[in-house]
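Letter by letter, the chains look like this.
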Amino acid sequence: MTVELRNLHKSFGNVAALDGVSLTIERGEFIALLGPSGSGKTTLLRVMAGLEFVDSGDIVIDECSMHNVPARERGVGFVFQHYALFRHMTVARNIAFGLEVRPRSRRPPARGIEARVQSLLNLMEIGHLGGRYPEQISGGQRQRVALARALAIEPKLLLLDEPFGALDAKVRKSLRVWLRELHERMGLTSIFVTHDQAEAMEMADRVAVLRTGRIEQVDAPARLYAEPANAFVHEFMGESVQFRCLVANGRAWVDGLPDIVLPCRCPSGPAVALIRPHEIGLLPGPGPARVEAQHHVGPLHRARIALDGRVFDVPIPEGRWWPAAGQTCRLDLSSARVYPWPSDAAGLPRGGDRELDPPTPAAMLIEESSA
Amino acid sequence: MSEAATQETQATRAALTILTILLLVLLLLLPLVVVFTEAFKRGLGGIVEALAEPDAIAAIELTLIVAAVSVPLNTVCGVAAAWCIARFRFPGRGLLITLIELPLSVSPVISGLVWVLLFGANGWLGPALDRLGVRIIFAVPGLILATAFVTFPFVARTLIPLMEQQGAAEEEAALTLGASGWQTFRRVTLPNIRWGLLYGVLLCNARAMGEFGAVAVVSGHVLGQTMTMPLQVEALFNDYDWVGAFTIAGLLALLALLTLAVKAALEWRIGERSGALL
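Residues numbered from 1 in each chain as written. Chains lettered and ligands numbered in written order. Predicted model: local features only at pLDDT ≥ 70, side-chain atom pairs only at ≥ 80, totals over all residues.

For the rest of this paragraph, the subject is the overall build of chain B. In terms of helices and strands, chain B carries 13 helices and zero strands. The principal-axis extents of the C-alpha atoms in chain B amount to approximately 80 × 65 × 30 Å. Expressed as a percentage of the 278 residues in chain B, the buried residues total 36%. Of all intrachain contacts in chain B linking residues separated by at least 6 positions in sequence, the fraction that spans at least 24 positions is 74%. (Helix = DSSP H or I, 4+ residues; strand = E, 2+ residues; numbered from the N terminus. Buried ≥ 20, exposed ≤ 12 C-beta atoms within 10 Å, placed from the backbone. Contact = placed C-beta atoms within 7 Å.)

Here it is in structure tokens:
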């Protein structure tokens, strides 16, 4: 089954939760909706399930518009963030619920329901918990019950809202692998919401990065990390160090580092260069960067670099030159990616250490001439 | 030094405890004892005699009828109102909450008087209804209206915090699993609120049967016709029929004690299930 989201808009009062979201999800895909809180990812999940309604746009599942289809007829499995298990029912009754509320003509016989519940319990590896109440089992077990309950109705599409948000780190790790395997084994099409980029990267076939109700980029995790579409995605997908720069004629001059010029495809004007700490090269020789401290544990070696009032850690691979503490050095930023300066303040990545003001051409020219 | 200080505190504590117990005995226990001793003044025979009075039987019947109509009415309306308020955010929601609590803050006499002003012989709708031959004031419908008004808040007020605390997630889960609105209510919402609901209904019923002020205004005091138990108690008392008055008062007191016992049991039950919600 395929899901097509066509230009979805949804606002709560003055706040746009979804601001023109379009996305196509292919059969069998495992998609992560990744974004900071308030980015609209949960709203997107809820409109797909029919728990919330869009102001405009359309959701098309298997060529069928969901426009006038209520939640109960969508056949979409939904796993809630805090599981929302029916507290007055046993685990088995919880799982059976979706089958028991079917109209008589489509309802399996009682024995068929029991068998299906037991097979789901076994699939979830909680076969012995059928008679317990939700408050009597652990968080990880509740998660499995919630999943079993959603799968009982054989949904075309499985939606999971922060599936691991309420679990401790250890359980989370093992459930991730397990859920991914389950998705494969059952041939599901699944979409899950998370604010944890590591989780999204590890589990999903593709990750959609959301910010203030818009999709910033949709790509496979590796590509998202290697080729972020903009400064926000770069910052969100992993540790970043940023530099102000000014672009003219396809070249970016980095503010405060007059000897560094980066090739880029940005239009002329203020811009920002982002680089992952491990991509920063340290070169011997007097330069603007000062090594504040060194620390090495095992094979890992890190230099704390102070530059222009900022401080960041640079990991240095074994066997490479590294400066002693107190020394100055030059920086190699040739792996940096240059993006136009974000037009809105909210889009500006927090620069790890301090906020950056956009560079002004005048200031840059003065610095350049003085250098 | 410190021992003296502790002892002083202990003495104060003891004094306060004794004072509280004295007050409780004086204000709560003594009246209860008086009610039953007065009722039994002429022995069991007196009580049987008092209860066999046609007017007494009529009063008991009327009280049961009024409660039997107003309590279910308020249960249904209360659940609907609580659901509305707990699940939706809409303009005027705050006003609705205030309106629901209004009967608690308004004097019961006023609660009765509004119906007289509306449906009485000189009221807004009274003459028109009179021409149709419909009697509301000084008749059973008036008693039911006044009682329903006074007892409206109990169910809704018990359920609103409970439903807000439980949230809508379970209901949403039921919807995504294919349940209809009614199935969701019957299988998910209702079981989740059942103890709270029972608690609210109990309080509502106790007040419905014991209400005096509002009912007194709309009743018209027609013996054997529009006298509920509390009104009957007053009438008998004014006639110096002490045994009769206290017998019916004793019945009401028994009802109160029963309510208290069930309420305590429910509170214990609710507290155990979901951690002190009330």
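Attention now goes to the overall build of chain A. When you go through chain A residue by residue, the secondary structure sums to nine helices and 20 strands. If one aligns the C-alpha atoms of chain A with their principal axes, the spans along those axes are about 85 × 50 × 30 Å. Classification of the 371 residues of chain A by burial places 41% in the buried group. Across chain A, contacts joining residues at least 24 apart in sequence account for 66% of those joining residues at least 6 apart.

In this section: the packing of helix α3 (residues 54-87) of chain B against helix α8 (residues 153-166) of chain B. Residue and element names in this part refer to chain B. Where α3 contacts α8, the axes come no closer than 8 Å and their chain directions differ by 35 degrees. Here α3 runs over α8; the crossing is right-handed. For the pair α3 and α8, the contacting residues are Asn-74, Thr-75, Gly-78, Val-79, Ala-81, Ala-82, Trp-83, Ile-85 and Ala-86 in the first and Val-155, Ala-156, Leu-159, Ile-160, Met-163 and Glu-164 in the second. (Axes fitted to C-alpha atoms, helices over the stretch in contact; angles between N-to-C directions. Left-handed = near helix turned anticlockwise from the far one by under 90°.)

Next up on the list: the interface of chain B and chain A. Contacts between chain B and chain A engage 15 residues on the former and 18 residues on the latter. Those elements that place two or more of their residues in the side of chain B that touches chain A are α9 (169-176) and α10 (181-210) of chain B. The class makeup of the residues in the side of chain B that touches chain A is eight nonpolar, five polar and two charged. (Nonpolar A, V, L, I, M, F, W, Y, C, P; charged D, E, K, R; others polar.)

Residues and elements named next belong to chain B. Across chain B, the average pLDDT comes to 86, with 94% of residues at 70 or higher. Mean pLDDT in chain B bottoms out at helix α6 (residues 126-132), which sits at 80, and peaks at α9, which reaches 94. For the stretch residues 274-278, pLDDT sits under 50, and the model shows eight contacts to residues farther than four places along the chain or on other chains. The ipTM for the predicted assembly is 0.81, set against a pTM of 0.79. (pLDDT = per-residue confidence, 0-100.)

A few words now on the domain arrangement of chain A. The assigned domain composition of chain A is domain 1 (3-226) and domain 2 (238-370). Here the C-alpha centroids of domain 1 of chain A and domain 2 of chain A sit 41 Å apart. (Domains from an automatic or database assignment.)

Another point: the domain arrangement of chain B. All names here are of chain B. Domain boundaries in chain B define domain 1 (1-42) and domain 2 (53-274). Between domain 1 and domain 2, the C-alpha centre-to-centre distance is 34 Å. Listed as interface residues are seven residues of domain 1 and, on the opposing side, seven residues of domain 2. Partitioning the side of domain 1 that touches domain 2 into residue classes produces four nonpolar, no polar and three charged.

Take helix α5 (residues 108-119) of chain B next. Residues and elements named next belong to chain B. Given a rise of 1.5 Å per residue, 12 residues ought to cover 16 Å, and the 17 Å separating the end C-alpha atoms of α5 matches this to within 8%. Of all the positions in α5, only Ser-111, Gly-112, Trp-115, Val-116 and Phe-119 are classed as buried. What you see down the axis of α5 is that its buried residues fit within an arc of 140 degrees, all on one side. (Expected span 1.5 Å × (residues − 1). Arc of directions from axis to C-beta.)

A few words now on the pairing of strand β8 (residues 190-194) of chain A. All names here are of chain A. Of all five residues making up β8, five are buried, and the element is well covered by its neighbours. Every second residue of β8 is oriented toward a common face, with Ser-190, Phe-192 and Thr-194 on one face and Ile-191 and Val-193 on the other, all of them buried. Relative to β8, strand β3 (residues 30-34) runs parallel, the two sharing five bridges. Its bridge partner lying in β8, Ala-32 is registered against Phe-192. By the bridge criterion, four bridges tie strand β7 (residues 157-161) to β8 in an arrangement that is parallel. Considered in β8, the bridge of Leu-158 is made with Ser-190. Note that the unit made of β7, helix α5 (residues 169-186) and β8 has a crossover that is right-handed. (Pairing = 2+ DSSP bridges. Right-handed = clockwise from strand over helix to strand, strands pointing away.)

On to the sheet that holds strand β19 (residues 328-332) of chain A, then. Residue and element names in this part refer to chain A. With antiparallel pairing, the five strands of this open sheet are ordered in space as β15-β19-β16-β17-β18. Strands with a single pairing partner mark the edges of an open sheet, and in this sheet they are β15 (281-283) and β18 (310-316). The sheet shows a mean angle of 45 degrees between the axes of neighbouring strands, taken without regard to direction.

Right, let's talk about the environment of Leu-254 of chain B for a bit. Residue and element names in this part refer to chain B. With respect to the helices and strands, Leu-254 occurs in helix α13 (residues 242-274). A tally of 12 C-beta atoms within 10 Å means that Leu-254 is categorised as exposed. Note: C-alpha distance between Leu-254 and Leu-32 (222 residues apart in sequence) is 9.6 Å.

Looking now at the packing of helix α2 (residues 91-100) of chain A against helix α4 (residues 139-152) of chain A. Residues and elements named next belong to chain A. For the pair α2 and α4, interaxial distance at closest approach is 7 Å and the crossing angle is 25 degrees. Classified by the angle between their axes, α2 and α4 sit roughly parallel to one another. Classified by chirality, the crossing of α4 by α2 is right-handed. Within the contact between the two elements, α2 uses Val-91, Asn-94, Ile-95, Phe-97, Gly-98 and Leu-99 and α4 uses Val-145, Ala-148, Arg-149 and Ala-152. Taken together, the residues of the contact of α2 with α4 sort by class into seven nonpolar, two polar and one charged. (Parallel < 35°, antiparallel > 145°, perpendicular 65-115°, else oblique.)

Taking 1.5 Å per residue, 30 residues should reach 44 Å; α10 of chain B reaches only 36 Å between its end C-alpha atoms and comes up short. Arg-194 of chain B marks where α10 of chain B bends most, by close to 60 degrees. (Bend = angle between axes of the 7 residues up to and from the residue.)

Further remarks concern the confidence of the model for chain A. Residue and element names in this part refer to chain A. In this model, chain A carries a mean pLDDT of 87, and residues with pLDDT of at least 70 account for 92%. Overall, residues 349-354 carries pLDDT values under 50, and its contacts beyond four positions in sequence, including any with other chains, amount to 14 contacts. Across residues 362-371, confidence stays below pLDDT 50; counting only partners more than four residues off in sequence or on other chains, it has 10 contacts.

Core analysis: the largest hydrophobic core is formed by 110 residues, its most contacted members being Cys-245, Ala-252 and Ala-273 of chain A. No other element matches α4 of chain A, which puts seven residues into this core. Beyond its immediate stretch of four places on either side in the chain, Ala-273 of chain A contacts Gln-242, Phe-243, Cys-245, Ala-252, Val-254, Leu-262, Leu-333, Ala-336, Arg-337 and Val-338 of chain A. Judged by nonpolar contacts, the second largest core, of 58 residues, contains Ala-56, Ala-82, Ala-206 and Val-215 of chain B. (Core = buried A, V, L, I, M, F, W, Y, C linked by C-beta atoms within 7 Å.)

Residues and elements named next belong to chain A. One open sheet holds the six strands; their spatial order is β6-β7-β8-β3-β9-β10, and the pairing between them is mixed. Sheet topology places β6 (76-79) and β10 (214-219) at the edges, where each strand pairs with a single neighbour. Across the sheet, the mean angle from the axis of one strand to that of its neighbour is 20 degrees, orientation sign disregarded. Note: β3 against strand β9 (residues 206-211), four bridges, orientation parallel. Note on β9: the bridge partner recorded for Leu-34 is Val-209.

All names here are of chain A. Sheet topology note: the β15/β19 ladder contains three bridges and is antiparallel. When the bridges of β19 are listed, Leu-283 appears paired with Arg-330. Pairing between strand β16 (residues 289-297) and β19: two bridges, direction antiparallel. Within β19, the residue paired with Arg-290 across the bridge is Thr-328.

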